[in-house]
Amino acid sequence: MKLRVGVFFGGESVEHEVSIISAQQAIHALDKNKYEVIPLYIAKDRKIYYNLEKFFAVESFTNLPALLKESTQVTLVNLGNECVIRPIHTGFFQKKDLGNIDLAIPVIHGTTGEDGIIQGLFEMLKIPFAGCDIYGSVVGQDKVFQKHILHDNHLPITPWFWVYGQDIENYQTQILEKVNTLGYPVILKPARTGSSIGISVAHNHEDFLESFKDARRYDEKVIIEKVIKPMREINCSVIGDYTGSKASVLEEVTQQEKELLDFDKKYGAGGSKGDSGMAATSRMVPAPLSNEETKYIQQLAKDTFRVLDSAGVCRIDFIMDAETKKIYVNEINTIPGSLAFYLWQEEDVDFTKLMNQLITLALDRERRRNQLTTSFSSNILENMAKGGSKGSKGSKTSS
């Protein structure tokens, strides 16, 4: 019997369209001899849709209103320890249930996908799922949490600080003083977005205030970092979990005309024609680095992956000071564009093998978790019934 694999994609984030592209690549890479693939699209209003006829073609998503009219809005329920797909509205001749899911693969970038929200849904439904768990997803998405953890584990990061977006209204002078301490140019980032959305470089106070205004549109927290110049961007994918991991070949992202790789350069008209997702950007694979530099970055990637409690396939982005050769951890992408499959081709791991490994890791994690103690019996309610609230407090504090 084939494993029924639900691939979840879309979501409400600014990376919605990128998710559709990545999911289509993943769906077609799954081995149809092993898995029954069930694509589940999440609209920007968080409603889940099912359409086995249309969801296997990226062209179907060019006219979303028409597509959703032809699709079935569904919910997921746990029935008899199975995750069942159930239509929200059922007609007289419509099936009550549309089958079940044995395992979930989230391919949702950014909000609701990488931030632990959909992982929490999977946990509630008791579905094994690929990628990071709730905790790894949260620290992977929130760059403030992420940087604190990296710093506490003595991993190299650029000089930085963060503030809440609304702080600019009351503490503008103090914030600008901190920026002066870092020294221009600085880069501003919303703390919990990706794909360069809301990210910009400021060269003076006027630039900074304008960039800050843009960044806070996308998140409540804004990160300010010192720009490293001249800079090289090096990326490394890691697959595995805390029990063991492997680092991919390195890539160097290249651009001539811009200080940072913005959204349009990655996915829009600025990308290479004929390609989709992150595989469309200008890059050198493998990165032109010495063997020593390569091994050092690969080890940093695995160390970063582990301390951030990551799992599945991730991409860790690094910054290299082109003059001093110093390496900084920039950020982790827990569900990278195109699932970073192109970084594994040099290792003789094609996209289908990569998807097989993701599923194996998810099932292994589920087996480990099933061996953990997650609850225990107590007589708190019985004591409360017998002795009232005073008895309950006494029971709670006793050992």
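That block above? That's the structure.
What you see is a predicted model, and the numbers here were worked out from it, not measured in a lab. (Residues numbered from 1 in each chain as written. Predicted model: local features only at pLDDT ≥ 70, side-chain atom pairs only at ≥ 80, totals over all residues. Heavy atoms only, no water.)

A. Fine view of the overall build of the chain. If you tally the helices and strands in the chain, you get 12 helices and 16 strands. Every one of the 399 residues in the chain was classed for burial, and the buried ones make up 52%. The contacts in the chain between residues at least 6 apart in sequence include a share of 65% that link residues at least 24 apart. Put simply, the chain shows about 19600 Å² of open surface, and 50% of that area lies on carbon and sulfur atoms. (Helix = DSSP H or I, 4+ residues; strand = E, 2+ residues; numbered from the N terminus. Buried < 20%, exposed > 50% of the residue type's maximum accessible area, 1.4 Å probe, protein only. Contact = heavy atoms within 4.5 Å. Areas by Shrake-Rupley, 256 points an atom, 1.4 Å probe, with all protein chains shown as cover.)

B. The pattern of salt bridges, seen in detail. Under the defined criterion, the tally for this structure stands at 22 salt bridges. Between Lys47 and Asp45 there is a salt bridge, with its nearest N and O atoms 3.8 Å apart. Taking relative accessible area as the criterion, Lys47 reaches 36% and is therefore assigned partly exposed. Residue Asp45 is classed as partly exposed on the basis of its relative accessible area of 46%. For Asp133, the salt bridge identified is with Arg369, shortest N-O distance 3.2 Å. Of this pair, Asp133 sits in the loop between helix H3 (117-125) and helix H4 (134-141) while Arg369 sits in helix H11 (residues 351-370), placing them 236 residues apart in sequence. Given the relative accessible area of 10%, Asp133 is considered buried. (Salt bridge = Lys/Arg side-chain N within 4 Å of Asp/Glu carboxyl O.)

C. Geometry of unusual backbone geometry. A cis amide bond links Tyr184 with the next residue in sequence, Pro185, at an omega value of 0°. By the element assignment, Pro185 lies in the loop between helix H7 (172-182) and strand E9 (186-190). Cis rather than trans, the peptide bond between Lys229 and Pro230 has omega equal to -10°. One can find Pro230 in the loop between strand E11 (221-226) and strand E12 (231-241). Despite not being glycine, Arg46 shows a phi value in the positive range, around 75°. Topologically, Arg46 is positioned in the loop between strand E2 (35-42) and strand E3 (48-50). Since its relative accessible area comes to 45%, Arg46 is described here as partly exposed.

D. Fine view of the nonpolar core. Ranked by size, the top nonpolar core spans 39 residues in total, and within it Leu30, Ile105, Leu339 and Met355 carry the most contacts. The set of elements that each furnish at least two residues to this core consists of strand E1 (3-10), helix H1 (16-29), E2, strand E7 (103-107) and H11. Sort the elements by how many residues they give to this core and H11 lands first, with 7 residues. Not counting the four nearest positions on each side in its chain, Leu30 is found in contact with Val5, Val7, Tyr35, Val37, Ile105, Met355 and Ile359. Within the second largest apolar cluster, 28 residues are counted, among which are Ile223, Leu250, Leu300 and Met320. (Core = buried A, V, L, I, M, F, W, Y, C linked by side-chain atoms within 4.5 Å.)

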